[in-house]
Amino acid sequence: MQSGISQRDGRDLRTGGIDLPETDDLVSLQLQNEKLQKEMKRLLGLLAEQETAARLLIQRDLALSKANEKLEKLDQAKSEFVSVAAHQLRTPLSGIKWGLDILVQGEAGELNDEQRNIIQKSIESNDRMIALVNDLLDVDHIEAGKDAYRFASVDIREVVDSVLSDLKPKAEAGGVMLRFEDRFKDYPHVWADKSKLRAVIQNLVENAVRYIMNTGTVSVRVEDTGAEMLQITVADDGIGIPKEAREKIFGKFFRAENAVRLRTDGSGLGLFIASDIVKKHGGNIWFEEGKTKGTSFFFTIPKAK
Amino acid sequence: MLRAGIGINYGDDAFLVGVNACQEAFLKLGADTHAAKLIIVFASVKYDQEEVLRGVRSVSGGVPLAGASTAGEITGAGSSKKNSVAVMVLASNTVNFFLSVAEGLKDHSREAGKQVADQVKADAEKLGEDLRFFMMFPDGRAGNGSEIVRGVLDSLGEHFPVAGGASGDDLHFEKTYQYCGEKVYSGAVVGIGFSGEFSFGVAVEHGWTPIGLPKKVTKSEGSVLYELDGKPAIRLYEDYFGEENARELKENVLAKNAIMYPLGVSMEGKAHLLIRDPLTVDADGAITCAAEVPEGAEVRLMVGSVEKAIEMAGVAAAAAKKNLDGKEPRVAFVWSGVARRKLFGERADEEIRTIQKELGADVPIIGFYTYGEQAPMNGEIKNQEQCNPEFHNGTVVICALGE
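Everything in this summary refers to the structure shown in the same document.

### Describing the overall build of chain A
- A count of helical and extended segments in chain A gives six helices and seven strands.
- For chain A, the succession of helices and strands along the chain, N to C, is α-α-β-α-β-β-α-β-β-α-α-β-β.
- Looking at chain A as a whole, 20% of its 305 residues qualify as buried.
- Expressed as a percentage of contacts within chain A between residues at least 6 apart in sequence, the contacts between residues at least 24 apart total 65%.

Following this line, the structure appears as structure tokens:
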């Protein structure tokens, strides 16, 4: 290769292809160098920021998980307390019921109307308390995994009929009609624990009645959706569920704000128990709000094969 | 033909538990009993190990047996809540199995790894069979797991497909056992070579991602990590956690926060990260991990969650199945790191359910919670050049056999 021959881009081959800078270039190199140093500084700063962010993130997570553990322990302690209290309450409540029943039947001496009236009211209050304690014990069983299920082929119509006829007198006295739509259609049997399935339907109907303030109707509908499940609907034209309550409604001890204000009774455990039962059957439970008023609860339960 | 039957049993009498688990496995196998070729036993250390094997042997005839003690047995029924014995009977007239064992892991990990593979290879060659896959159960408390894997590869070739799980002892971290033939070993590695007609898919996943900057391992020895960037290793945790939170790592073996934030180690010149679970921390701040952390490697803190870890088990199962090239999975082995079980707690079954769902409800599953998993990086077995078996922590390894 001859000397003095340049490549097409003008670089001199005598310098091995390396461009030796002119003075102007040296200045520009220095500028470049300063730029690079600045950039490096910026990047290092970014890395340091990232490290700090990582540290903050981890420490926040650790604090959260510590707080969670504490909450879990508290929740456990609360559950244990409730369980013990419920067990302890059951015996004296039965005792009170026994005593009041004897009194109201006049077995301990004749009562005048006023006395009978007072005792009757006491019996009702006591019954409500017993129902609450029973709900608490149910929850305790669910949480301890002691709720045994006995599955069999069950006639859903029979269960709905029996619930409605039990609840009818009280509901109608309060101005609420109970209706079983399409009662005479043929429904396939479901695969369920009969008494537990009954508890779900009873709970939904009682709830519906409770949230109708004056007069209204609660209707139960059974639908064969064609798939592997039957769908049961309990619809009311009551006060509805406030927006802020909708996410928590299947939780434990939950009572909607309007329910508390309106002094309806109830333990706040019914829907928790119902949803647990439905899930253990392999079904689903949910609700929809009516356009103007009322609420519909739906649940599915597998058909018997 | 490739079929498997699996049995699991609990109780107080080790011999009887062995008998019952094995009988159930044969019962599940049904009509294919005559073709039984391999028995695999995974058992809790709660039981007298020799008695368990005696029980199994009393009803298994002379079928070759391999297995290990565990940190929890796994079957399709989920993660065993009680201390159990799980037995699998594998029947086939198209697959051949070659068993061997090598002792002395504590002082000669690599040699023992080579020895067990050499023996398996020699036995296969004697019958004119080509080995296609190697399964191993090394002691999870003795020796250096990474070195054992290297020893196996010294014998079978750098890119030979290997999978398995290191034996455990129900989180006592004292002594673990391996089974081969009639005998119970400790400090040994059991190997099973597979030859014949079958397809297999291996996958390994964890679900942790790195956070923060990498630190260089400036001093380590085997699985003891002394210094990172010239400072005591525990500083890494103290730095990110705060000293108060990092104290838990010094007080408990395999502490909760060590499980949630394990170390990710990248070997020099390699891009992938291997998970390392910190087991203990000494007074000088050195961290003993559940596997090797070599000098020169880079270490990063990893973050994860129960949900992600479970999700990745499903990803692993789907990948293992896909690797079967359209063949049906007939049996699947699951090795899940012990830290995962501790992390999942009562949700451990979710991992198994996720795996079962991906593989198919009828595929028999057996496995255990390990003190270390072995599998090629990324479960790569197709592209032989990329098949690089490693010793892992914190992963779930799934190995599906199909035809």
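Resuming the write-up.
### So, the nonpolar core
- Counting 148 residues, the largest nonpolar core has V41, V87, V89, F134, V189, A332 and I398 of chain B as the members making the most contacts within it.
- Top contributing element to this core by residue count: helix α1 (residues 14-29) of chain B, with eight residues.
- Contact partners of F134 of chain B, with chain neighbours within four places excluded, come to A117, V120, V152, L156, F160, V162, G191 and G193 of chain B.
- Of all hydrophobic cores here, the second largest spans 37 residues; its members include V176, Y211, I232 and I285 of chain A.

### Concerning the sheet that holds strand β5 (residues 78-79) of chain B
Residues and elements named next belong to chain B.
- Ordered in space as β5-β4-β23-β22-β26-β13, the six strands form an open sheet in which the pairing is mixed. Each edge of the sheet is formed by a strand with only one pairing partner; in this case those strands are β5 and β13 (199-205).
- Of the pairings in the sheet, the one linking strand β22 (residues 329-337) to strand β23 (residues 365-370) comprises six bridges and is parallel in character. Across the sheet, the residue bridging to G337 is T370, located in β23.
- Packing of helix α8 (residues 306-322) onto the sheet brings it into contact with β13, β22 and β26 (396-402), and relative to β13 it is tilted by some 155°.

### What to know about the pairing of β22 of chain B
All names here are of chain B.
- Counting buried residues in β22 gives nine out of nine residues, a clear majority hidden from the surface.
- Summarising the sheet, β22 and β26 pair through seven bridges and their orientation is antiparallel. Across the sheet, W335 pairs through a bridge with V397, a residue of β26.

### What to know about the sheet that holds strand β6 (residues 285-289) of chain A
Residues and elements named next belong to chain A.
- Reading across from one edge, β2-β4-β5-β7-β6 is the order of the five strands in this open sheet, with mixed pairing throughout. Either end of the sheet is taken by a strand with one partner, and the two such strands are β2 (176-180) and β6. Between one strand and the next, the sheet's axes are offset by a mean angle of 15°, whatever the strand orientation.
- As paired strands, strand β4 (residues 216-224) and strand β5 (residues 229-236) are joined by seven bridges and run antiparallel to one another. Counterpart to R221 in the pairing with β5 is T233.
- The sheet contacts of helix α4 (residues 194-210) involve β2, β4, β5 and β7 (295-302), and relative to β5 the element is tilted by about 25°.

### Concerning helix α3 (residues 109-126) of chain B
Residue and element names in this part refer to chain B.
- Helix length check: α3, at 18 residues, gives a terminal C-alpha distance of 26 Å against a target of 26 Å (1.5 Å per residue), a fit within 8%.
- S109, A112, G113, K114, Q115, V116, A117, V120 and K121 are the residues of α3 that are buried.
- For α3, the elements touching its buried residues are β7 (95-102), β8 (131-138), α4 (145-156) and β12 (189-196).
- A positive backbone phi angle near 70° is found at G128, which sits one or two residues after α3.

Reading guide: rules and limits
- Positions within a chain are numbered from 1, following the residues in the order the chain's sequence is written.
- Each chain gets a letter, beginning with A, and each ligand a number, beginning with 1, in the order they are written.
- Restriction of local features to residues with pLDDT of at least 70 applies here, the model being predicted, together with a cutoff of 80 or more for giving and counting side-chain atom pairs; totals for whole chains, interfaces and linings are based on all residues.
- Helix and strand definitions follow DSSP, with helices as H or I runs of at least four residues and strands as E runs of at least two, each counted in order from the N terminus.
- With C-beta atoms placed from the backbone, a residue is labelled by how many other C-beta atoms lie within 10 Å of its own: buried for 20 or more, exposed for 12 or fewer, partly exposed between the two.
- Here, residue contact means that the backbone-derived C-beta atoms of the two residues sit within 7 Å.
- A set of buried Ala, Val, Leu, Ile, Met, Phe, Trp, Tyr and Cys residues, joined to one another through C-beta atoms within 7 Å, is what we call a nonpolar core.
- The pairing criterion is simple: DSSP has to find at least two bridges between the two strands.
- Axis definition: a line fitted to C-alpha atoms, limited for helices to the stretch in contact. Angles are taken between N-to-C directions and run from 0 to 180 degrees.
- To estimate the expected span of a helix, subtract one from its residue number and multiply by 1.5 Å.

Everything listed here is a matter of coordinates, which is why it stays silent on function.
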